[in-house]
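# Descriptive structure summary
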Amino acid sequence: MIAGAPAAGKGTQCAKIVEKYKLVHISVGDILRDEVKNGTPAGKKAKDFMDRGVLVPDEVVVEMVKARLAEGDVKQRGWLLDGYPRSASQAEAIEKEGIRPDVFLLINVPDELLVERVVGRRLDPQTGAIYHLKYSPPSADIVSRLIQRSDDTEDKCRVRVATHNANVDAVVGYYKDVKVDIDGTQSMQDVFEAICTALDETIAKSDPLEQYCKDEPAADECRVYTD
Ligand code: AP5
């Protein structure tokens, strides 16, 4: 799971994580925006809440996430859940299903940096790539096709940040045992390296031979023989 305030860098890092670790990226914000764009019943319910920068009700979100987590590609490749859970009730809903992350990445960025990141963000509708006019500038040939999210204004950002701050402690409470704090004020590449360290350690811990070799480094199975 990856969590953090609006514009903390979740989407940016998820693109890099899925490229390296081949997980299925499930972004609840992206799924909801697709539902809104397609005018589905769920999208019609979600739109007003998203426009206001507050949480979409659980009745829309929870089943949507559970259904996506049950799909074949997710079972095969594993999941990277971005933007869920955002409240105690959402965490509770998946706890009941026995769905828990191996690691909970919390990207920390002070509130005062978030507004600048939000208002400078631009998205490429053709590739899904995320840019920032200052921190990750697009090339001149694609600038004209880039779009800005309707909730990426200063006022809406402040509401979204307040919503995040009101809920984050309750969510973190469910995942204290697997939480890794990431300093999101670093460069995008340094943030990614910190995330890779956390993921690699988690993978190593879940490999029984790796763990055994850590505990018993002199054991025969742990020696490397060369010709
Ligand atoms: P969602 O789409 O999830 O938005 P969010 O949480 O507000 O997060 P963002 O997508 O804004 O930011 P990000 O952290 O992905 O940052 P990014 O990488 O783009 O949710 C939208 C709405 O949907 C919610 O408000 C709510 O209404 C609804 N919703 C979603 N999930 C829900 C749920 N579970 N329950 C109920 N409702 C839900 O980066 C931002 C910018 O910063 C970019 O321009 C990027 O280039 C730049 N940047 C990134 N990293 C760095 C860095 N290290 N240094 C400098 N710049 C950087």
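The present account deals with the structure reproduced in this document. (Residues numbered from 1 in each chain as written. Predicted model: local features only at pLDDT ≥ 70, side-chain atom pairs only at ≥ 80, totals over all residues. Heavy atoms only, no water.)

## Examining helix α6 (residues 88-95)
Here is the rule: Burial classes: relative accessible area under 20% of the type maximum marks a residue as buried, over 50% as exposed, and values in between as partly exposed (1.4 Å probe, protein chains only). Starting at the N terminus, helices and strands are each numbered in turn, a helix being any DSSP run of H or I of at least four residues and a strand any DSSP run of E of at least two. As used here, the arc is the angular range of directions from the helix axis to the C-beta atoms.
When we look at burial in α6, the residues that qualify are Gln90, Ala91, Ala93 and Ile94. In a view along the axis of α6, the buried residues occupy a sector of 155 degrees, so they form one face of it.

## Section: the side chain of Gln90
Selection criterion: Contacts between residues were defined by any pair of non-hydrogen atoms, one from each residue, lying within 4.5 Å.
Within the secondary structure layout, Gln90 lies in helix α6. Not counting the four nearest positions on each side in its chain, Gln90 is found in contact with Val56, Asp58, Val61, Val62, Tyr84 and Pro85.

## Structural notes on the site of the ligand
To keep it simple, the criterion reads: Summary of the distance rule: residues count as near a molecule or strand when at least one heavy atom falls within 4 Å of that molecule or strand. Polar contacts, as counted here, are pairs of nitrogen or oxygen atoms within 3.5 Å of one another; within protein the pair requires one atom able to donate a hydrogen and one able to accept it, and residues that are adjacent in sequence qualify only if both atoms are side-chain atoms. Under the convention used here, a 1.4 Å probe and the Shrake-Rupley method define accessible areas, while residue burial counts only the protein chains that appear.
Around the ligand, the structure places 34 residues, and the nearest of them are Thr12, Val54, Arg86, Arg121 and Arg160. Interatomic distance of 3.0 Å between a backbone N/O atom of Val56 and a nitrogen atom of the ligand. Contacts to the ligand include Arg117, whose side-chain N or O atom sits 3.4 Å from a nitrogen atom. Considered on its own, the ligand offers 1100 Å² of accessible surface; in the complex 96% of this is hidden by protein. Every element with two or more residues in the shell around the ligand is listed here: α1 (10-21), α2 (28-37) and β6 (130-132).

## With respect to the pattern of salt bridges
This is how it is decided: Salt bridges are identified by distance alone: a Lys or Arg side-chain nitrogen within 4 Å of an Asp or Glu carboxyl oxygen.
Within this structure, the stated rule accounts for 19 salt bridges. Two residues, Asp151 and Arg160, come together in a salt bridge whose shortest N-O distance is 3.7 Å. For the pair formed by Asp151 and Arg160, the shared burial category is buried.

## Description of helix α3 (residues 41-52)
Every buried residue of α3 is listed here: Gly43, Ala46 and Met50. Seen along its axis, α3 keeps its buried residues to an arc of 70 degrees; they face one direction. Exposed positions of α3 whose direction lies more than 90 degrees from the buried face are Pro41 and Lys44. After α3 finishes, the residue Gly53 shows a positive phi value of roughly 85 degrees.

## What to know about the nonpolar core
Worth spelling out the cut-off: Definition of nonpolar core: a set of buried residues of the types Ala, Val, Leu, Ile, Met, Phe, Trp, Tyr and Cys, connected through side-chain atoms within 4.5 Å.
Counting residues in each nonpolar core, the largest one holds 29 residues, and the members touching the most others are Leu32, Tyr84, Phe104 and Tyr175. Looking at this core, the elements that each hand over two or more residues are β2 (24-27), α2, α3, α4 (58-69), α6, β4 (104-108) and α8 (154-174). By residue number, the principal contributor to this core is α4, which donates six residues. Tyr175 has contacts with Met1, Pro85, Ala91, Ile94, Glu95, Arg100, Pro101 and Phe104, leaving out every residue within four places of it along the chain. One finds Cys14, Ile182, Ile195 and Leu199 within the second-largest nonpolar core, a separate group that totals 24 residues.

## Some points on the packing of α2 against α4
Just so we agree on the cut-off: For every element, the axis is a line fit to its C-alpha atoms; helices are fit only across the contacting stretch, and the angle between N-to-C directions ranges from 0 to 180 degrees. If an angle is under 35 degrees, it is roughly parallel; if it is over 145, roughly antiparallel; if it lies from 65 to 115, roughly perpendicular; otherwise it is oblique. By convention, the crossing between two helices is left-handed when the near helix turns anticlockwise from the far helix through less than a right angle, and right-handed when the turn is clockwise. As a working rule, the residues Ala, Val, Leu, Ile, Met, Phe, Trp, Tyr, Cys and Pro are called nonpolar, Asp, Glu, Lys and Arg charged, and the rest polar, with Gly in that last group.
Where α2 meets α4, the axes come as close as 11 Å, and the angle between the chain directions of the two elements is 110 degrees. On the basis of the axis angle, α2 is roughly perpendicular to α4. For α2 against α4, the interelement crossing comes out right-handed. Contacts between α2 and α4 pair Val28, Ile31, Leu32 and Glu35 from the former with Val60, Val61, Met64 and Val65 from the latter. A per-class count over the contact of α2 with α4 returns seven nonpolar, no polar and one charged.

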